[in-house]
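# Architecture and fold: a report
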Amino acid sequence: MITTKNLQQLAETHGTPLFVIDHDELRSNYATFKKYLPRVQAYCAIKANPDPAIVKTLFDVEASFDVSSIQEFNVVYENIKTMPEQERHEWIRDKIIYANTIKATETLAKLDKYKPLLTFDNREEIIKIRQFAPNARLVLRLLVSNAGAMVELSSKFGAEPSEAVDLILEAEKQGLTVEGLSFHVGSQTSNFENYVQAINIAALIFKEAKERGYDKMNLLDIGGGFPAPYDASVKPFSELAAVINTELERLFPPEIKIIAEPGRFIVATAGTAVSKIIGKTVRHGKLCYYIDDGVYHTFSGVIFDHCEYHFDSFKKGSTQICTVFGPTCDGLDVISKTEELPSNLERDDILYSRNIGAYSGATSTHFNGFPPAKVVHVNRYLLRHTALHPDYCVA
Ligand SMILES: Cc1ncc(COP(=O)(O)O)c(C=O)c1O
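Keep in mind that this is a model prediction, so the values were computed, not measured. (Residues numbered from 1 in each chain as written. Predicted model: local features only at pLDDT ≥ 70, side-chain atom pairs only at ≥ 80, totals over all residues. Heavy atoms only, no water.)

The next subject is the confidence of the model for the protein. Confidence in the prediction of the protein, expressed as mean pLDDT, is 94, and 96% of residues score 70 or more. The model gives residues 387-392 a pLDDT under 50, and that stretch makes 8 contacts with residues more than four places away or in other chains. (pLDDT = per-residue confidence, 0-100. Contact = heavy atoms within 4.5 Å.)

Okay, structure coming up:
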């Protein structure tokens, strides 16, 4: 973990706002995922944080990738562009899933030559894929319960389990092959029962497909949703993994390939925002701090990710509940109305917020002319094993 002292040094060296990425933590989260779900091939969902340096670190530890746009595909592609063509195509076939059920025709046309693995969840998409990516291999995404997740996805994606086999047979009729099923139980899921139910539903659909003469499915994609340890209420990953392993063992024989699309779990704890107080006042009797980063920038997860972030300060003192505002002129730019911070903080004092690596800087804007925070990559492994690299810094 990057220590408070390290953060202080980084703020002195680089100024603020800063978005510090700890690459040792990325490697450690990926290793934890693999350790507790050894049967599962982890396709890291780069939407959670598509920074090319993060993708490179995950590529170096032989991760696979979930992409959901041609731009994300290209970020991953950068790492393999010098591979010989056949090897590169094989790598893409094995290590990328395009897991956005709705795809632009241009995207399909660009991906087709790789025989890509794509998700879909409706008839219209089958027609589109047949026309623009006839060589694609398909994964049908199912609608499953997202109850208890911080971010629900079920209103937008997923075929009803009752229509699943009809869609699989329709795709087959159109000359396409459905290789398996996927689902997403909702992001930051605290309800482990969602995984149990979804795996059971998938097993029933495998069975129904076989009974109706379709025997080409060999893959189950258990999606994302794995919770990051934002606070003490989040149960350990090992507990969730044990539940998942039991169901997979019971319902899916070893020849069925199991994959997942973890996003938040891999990157959330690797990111820390470091910000500076630029203003202080009392409004309606409540202490308010204004800082140089906000919801249009690194803290965008407050709006888009339904996430609450907490602050610590280097300076200590007796605390009170305050509001923390971002720097823009918009009244929406409120990071927290219930933050417990020392009341003696002043202009230029530094605040930091840990566990902000997922769905945060990824949605930064230039609203009001304020640029996104400077990203600093702390990569101790790289520094230990190579000559000093200008993109990385010592903390
Ligand atoms: C299709 C898909 N896969 C994976 C993810 C990553 O989910 P998480 O960050 O909850 O692991 C998402 C998130 O929205 C998604 O939509």
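All right, on to the sheet that holds strand 3 (residues 64-67) then. Sheet architecture is closed into a barrel: 8 strands sit in the order 2-3-4-5-6-8-10-11, paired in parallel fashion. Direction aside, neighbouring strands of the sheet carry axes that sit 30 degrees apart on average. (Pairing = 2+ DSSP bridges. Helix = DSSP H or I, 4+ residues; strand = E, 2+ residues; numbered from the N terminus. Axes fitted to C-alpha atoms, helices over the stretch in contact; angles between N-to-C directions.)

Bringing the packing of aromatic side chains into the picture now. Scanning all chains against the criterion turns up 18 aromatic pairs. Between phenylalanine 33 and phenylalanine 265 the ring centres are 6.1 Å apart and the planes differ by 55 degrees, which places this aromatic pair in the tilted class. Remark: phenylalanine 265 occurs in helix 11 (residues 264-267) and phenylalanine 33 occurs in helix 2 (residues 23-36); sequence separation between them is 232 residues. For the residue pair phenylalanine 33 and phenylalanine 265, the accessibility class agrees, reading buried in each case. Between phenylalanine 299 and phenylalanine 311 the ring centres are 5.3 Å apart and the planes differ by 35 degrees, which places this aromatic pair in the tilted class. Placement of the pair is phenylalanine 299 in the loop between strand 13 (286-291) and helix 12 (301-304) and phenylalanine 311 in the loop between helix 12 and strand 14 (312-313), with a sequence separation of 12 residues. We classify phenylalanine 299 as buried; its relative accessible area is 0%. According to the relative accessible area criterion, phenylalanine 311 is buried, its value standing at 4%. What links up through ring pairs into an aromatic cluster is the set Phe33, Tyr36, Tyr195, Phe226, Phe237 and Phe265. (Phe/Tyr/Trp six-rings, centres within 6.5 Å; stacked < 30°, edge-to-face > 60°. Buried < 20%, exposed > 50% of the residue type's maximum accessible area, 1.4 Å probe, protein only.)

As a further point, take unusual backbone geometry. Omega for the peptide link from threonine 16 to proline 17 comes to -5 degrees, which places this bond in the cis form. Position of proline 17 among the secondary structure elements: in the loop between helix 1 (4-14) and strand 1 (18-22). The backbone of glutamine 188 shows a phi angle near 55 degrees, a positive value even though the residue is not glycine. The topology assignment puts glutamine 188 in strand 9 (residues 187-189). Of note in this structure, aspartate 348 is not a glycine but carries a positive phi near 80 degrees. Within the element layout of this structure, aspartate 348 appears in the loop between strand 16 (334-342) and strand 17 (350-353).

We now examine the site of the ligand. Around the ligand, the surrounding shell holds 15 residues, and the nearest of these are Ser187, Glu261, Gly263, Arg264 and Tyr359. Between an oxygen atom of the ligand and a main-chain N or O atom of glycine 225, the distance comes to 2.9 Å. With respect to the ligand, the backbone of glycine 263 contributes an N or O atom lying 2.9 Å from an oxygen atom. A total of 390 Å² of accessible area belongs to the ligand in isolation, and the protein chains cover 93% of it. For the shell around the ligand, the class distribution of residues is 5 nonpolar, 5 polar and 5 charged. (Near = heavy atom within 4 Å. Polar contact = N/O pair within 3.5 Å; in protein donor to acceptor, adjacent residues only side chain to side chain. Areas by Shrake-Rupley, 256 points an atom, 1.4 Å probe, with all protein chains shown as cover. Nonpolar A, V, L, I, M, F, W, Y, C, P; charged D, E, K, R; others polar.)

For an α-helix the count is 3.6 residues per turn, leaving residues at separations of three or four pointing the same way. If you check helix 2, its first and last C-alpha atoms are 20 Å apart, about what 14 residues at 1.5 Å a residue would give, namely 20 Å. Within helix 2, burial applies to His23, Leu26, Arg27, Asn29, Tyr30 and Phe33. The buried residues of helix 2 occupy one face: seen down the axis, they fall within an arc of 160 degrees. Sitting at the amino-terminal end of helix 2 is aspartate 22, which places a side-chain oxygen 3.0 Å from the backbone nitrogen of aspartate 24. (Expected span 1.5 Å × (residues − 1). Arc of directions from axis to C-beta.)

Once that is clear, we can look at the state of the cysteines. Inspection of every chain in the model, using the stated rule, returns 0 disulfides. Free of any disulfide, cysteine 288 has its nearest cysteine sulfur in cysteine 322, 8.1 Å distant. (Disulfide = S-S within 2.5 Å.)

This next bit is on the packing of helix 2 against helix 10 (residues 237-251). One way to put it is that helix 2 packs onto helix 10 with a least axis distance of 9 Å and a crossing angle of 35 degrees. In this structure, the crossing between helix 2 and helix 10 has a hand that is right-handed. Across the interface between the two elements, Thr32, Phe33 and Tyr36 of helix 2 pack against Phe237, Ser238, Ala241 and Asn245 of helix 10. A class-by-class count of the residues in the contact of helix 2 with helix 10 yields 4 nonpolar, 3 polar and no charged. (Left-handed = near helix turned anticlockwise from the far one by under 90°.)

Overall, the coordinates contain 16 salt bridges when judged by the stated rule. The residue glutamate 179 makes a salt bridge to arginine 137 at a minimum N-O spacing of 3.4 Å. Of this pair, glutamate 179 sits in strand 8 (residues 177-182) while arginine 137 sits in strand 6 (residues 137-141), placing them 42 residues apart in sequence. A residue is classified by how much of its surface remains accessible, and arginine 137, at 17% relative accessible area, is buried. We note a salt bridge from lysine 216 to glutamate 172, for which the minimum N-O separation is 3.3 Å. Taken together, the positions of lysine 216 in the loop between helix 9 (193-211) and strand 10 (219-221) and glutamate 172 in helix 8 (residues 164-173) put the pair 44 residues apart, joining distant regions of the chain. You can call glutamate 172 partly exposed: its relative accessible area is 29%. Among the charged side chains, a salt-bridge network with shared partners connects Lys103, Glu125 and Lys128. (Salt bridge = Lys/Arg side-chain N within 4 Å of Asp/Glu carboxyl O.)

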